[in-house]
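Residue strings, one per chain:
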Amino acid sequence: MLDDRAKLLLKALVERYIADGQPVGSRTLSRASGLELSPATIRNVMADLEELGLIASPHTSAGRIPTARGYRLFVDTLLTAKPGLPREAAFESQLLPDQPQRVIANAAQMLSSLSSFVGVVTSPRKSGVFHHIEFLRLGERRVLVIMVSPDGDVQNRLVFTAQDLTQSDLTEASNRLNAHYTGLSLDVVRDRLRTEVDQLRGEIAKLMSAAVDVGQQGIQEQEPVIISGERNLLTVQDFSHDMGSLRRMFDMFEQKTQLMRLLDVSSRAEGVRIYIGGESQVVPMEELSVVSASYEVDGEVVGTLGVIGPTRMAYDRMIEIVDITSRMVSSALSQK
């Protein structure tokens, strides 16, 4: 537990470091905090903060910088909002409700432009609709599941069964699925299969569940992440001299796997969330922080958006940018 004086000094140190990017010494901290304390007293408090792992001394510098733990305490308990963005109406022309795909792309660009970092938005998730399924016997205990979506997209998966099934068994199973479930969402099909599984042969039930899995997998593979402003990181002081960090970041943006995992975690949280590199395994790089929020369509969460930048970012401004953008995207996509 920190007393009020220590909290005020930590807050002043983080804010000064975010603003200047230079380690903060006791004299600078004395002026920034507005407290009439002797340099010796401030140094003692800084020593306590360092012992708690909230600040650290880089190399041989006499100044201190925040650690990931220090940033976390700052954003959770010491951050004060400073509204400074234009009204939402100023951006409404960029997020027209009758152009959903453009809404997503423009939202990523807007996040990047306002933050000067990287804007990311996942495209709206779709539950999917069951349209047509076929099971094809390839050999003993080997079945090819062929799933056709309403738009004609075909997904295949090879399934190994514990028992051998005849083509007649497989045809009966596909006919049953097509007769009873066509036009229903995959989520509904999955729920109904759970209640009807006792009425089906074990292997047929497994095949039907595999069919739903194939359809869900196809939807997940079609769920892109829109990224805007990666080149902004080239001008960030914290990264400009570290080619290794830049290379890892651009690899993350290109492969998108880690990015999708991070945004998926964000989609399950309410409100604006902040993830700071170095404090957990959620953010894959110590130098990065992510400020994110989910967005909705007609009250249902369908995607996530956010800003990715250095840990030394103006968190109050990023929170405002992400919050406003998520509300605007939700509004634009919910209008018919």
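Residues numbered from 1 in each chain as written. Predicted model: local features only at pLDDT ≥ 70, side-chain atom pairs only at ≥ 80, totals over all residues. Heavy atoms only, no water.

Participant: Even after reading the chapter, I still don't get the overall build of the protein, so can you show me in this structure?
Facilitator: Helix and strand counts for the protein come out as twelve helices and ten strands. Put simply, the protein has 336 residues, and 46% of those count as buried. Accessible surface computed for the protein: about 17,500 Å², of which carbon and sulfur atoms make up 47%. (Helix = DSSP H or I, 4+ residues; strand = E, 2+ residues; numbered from the N terminus. Buried < 20%, exposed > 50% of the residue type's maximum accessible area, 1.4 Å probe, protein only. Areas by Shrake-Rupley, 256 points an atom, 1.4 Å probe, with all protein chains shown as cover.)

Participant: Looking at this structure, I do not really get the environment of Ser-334. What am I missing?
Facilitator: Its location among the elements puts Ser-334 in helix 12 (residues 315–334). Sequence-wise, Ser-334 and Glu-296 are 38 residues apart; in three dimensions their C-alpha atoms are separated by 7.7 Å. If sequence neighbours within four positions are ignored, Ser-334 has contacts with Glu-296, Val-297 and Asp-298. There is a polar contact of 2.9 Å between the side chain of Ser-334 and the backbone nitrogen of Asp-298. At 2.7 Å, the side chain of Ser-334 forms a polar contact with the backbone oxygen of Ser-330. (Contact = heavy atoms within 4.5 Å. Polar contact = N/O pair within 3.5 Å; in protein donor to acceptor, adjacent residues only side chain to side chain.)

Participant: Can you help me understand the pattern of salt bridges in this one?
Facilitator: Opposite charge on two side chains permits pairing when their charged atoms draw close. As enumerated under the stated definition, the model contains eight salt bridges in all. When the shortest N-O distance is used, the salt bridge between Arg-64 and Glu-50 registers 2.9 Å. Here Arg-64 is found in the loop between strand 1 (55–56) and strand 2 (65–66), whereas its partner Glu-50 is found in helix 3 (residues 39–51), with 14 residues between them in sequence. Arg-64 gets classed as buried once you look at its relative accessible area, which sits at 19%. In this structure, Asp-76 engages Arg-72 in a salt bridge whose closest nitrogen and oxygen atoms are separated by 3.1 Å. (Salt bridge = Lys/Arg side-chain N within 4 Å of Asp/Glu carboxyl O.)

Participant: Sorry, what's going on with the pairing of strand 4 (residues 132–139) here?
Facilitator: For a regular strand, the rule is simple: side chains alternate between the two faces of the sheet. Pairing of strand 4 with strand 5 (residues 142–148), which is carried by seven bridges, proceeds in the antiparallel orientation. Among the inter-strand pairings, Glu-134 is bridged to a residue of strand 5, identified as Ile-146. Two successive antiparallel strands, strand 4 and strand 5, enclose a turn made up of two residues, where Arg-141 displays a positive phi of approximately 60°. (Pairing = 2+ DSSP bridges.)

Participant: In this structure, what is going on with the sheet that holds strand 5? I would like to understand it.
Facilitator: Adjacent strands of a sheet form backbone hydrogen bonds with each other and so pair up, either parallel or antiparallel. Spatially, the three strands line up as an open sheet ordered 4-5-6, and their pairing is antiparallel. Each edge of the open sheet carries a strand with a single partner, namely strand 4 and strand 6 (154–160). In this sheet, adjacent strand axes meet at a mean angle of 20° when their direction is disregarded. Against the sheet, helix 6 (residues 167–181) makes contact with strand 4 and strand 5, and its axis sits at roughly 170° relative to strand 4, the strand it touches most. (Axes fitted to C-alpha atoms, helices over the stretch in contact; angles between N-to-C directions.)

Participant: Mind showing me how you'd approach the pairing of strand 10 (residues 300–310) here?
Facilitator: The buried fraction of strand 10 amounts to nine of the eleven residues, a majority that puts the element mostly inside the structure. Pairing geometry for strand 3 (residues 118–122) and strand 10, over four bridges, is antiparallel. Within strand 10, the position partnered with Val-120 by the bridge is Gly-306. By the bridge criterion, ten bridges tie strand 9 (residues 288–297) to strand 10 in an arrangement that is antiparallel. Note on strand 10: the bridge partner recorded for Tyr-295 is Gly-303. Connecting strand 9 to the next strand, strand 10, in antiparallel fashion are two residues, including Asp-298 with a positive phi near 55°.

Participant: Explain helix 2 (residues 26–33) to me, please; I cannot follow it from the model alone.
Facilitator: Regarding helix 2, the residues found buried are Ser-26, Leu-29, Ser-30 and Ser-33. Taken end-on, helix 2 shows its buried residues confined to a sector of 105°, consistent with a single buried face. The exposed set on the far side of helix 2, more than 90 degrees from its buried face, consists of Arg-27 and Arg-31. In this structure, the buried side of helix 2 is in contact with helix 1 (4–20) and helix 3. (Arc of directions from axis to C-beta.)

Participant: Hey, could you run me through unusual backbone geometry in this one?
Facilitator: For residues other than glycine, phi is negative in most cases, and the peptide bonds are mostly trans. A positive phi is found at Ser-116, a non-glycine position, where the angle reads about 65°. Checked against the element boundaries, Ser-116 lands in the loop between helix 5 (100–115) and strand 3. Residue classification places Ser-116 among the partly exposed positions, given a relative accessible area of 45%. Located in the positive-phi region is Asp-298, a residue other than glycine, with phi close to 55°. You can see Asp-298 is positioned in the loop between strand 9 and strand 10.

As far as function goes, none of this settles anything; it's purely spatial.
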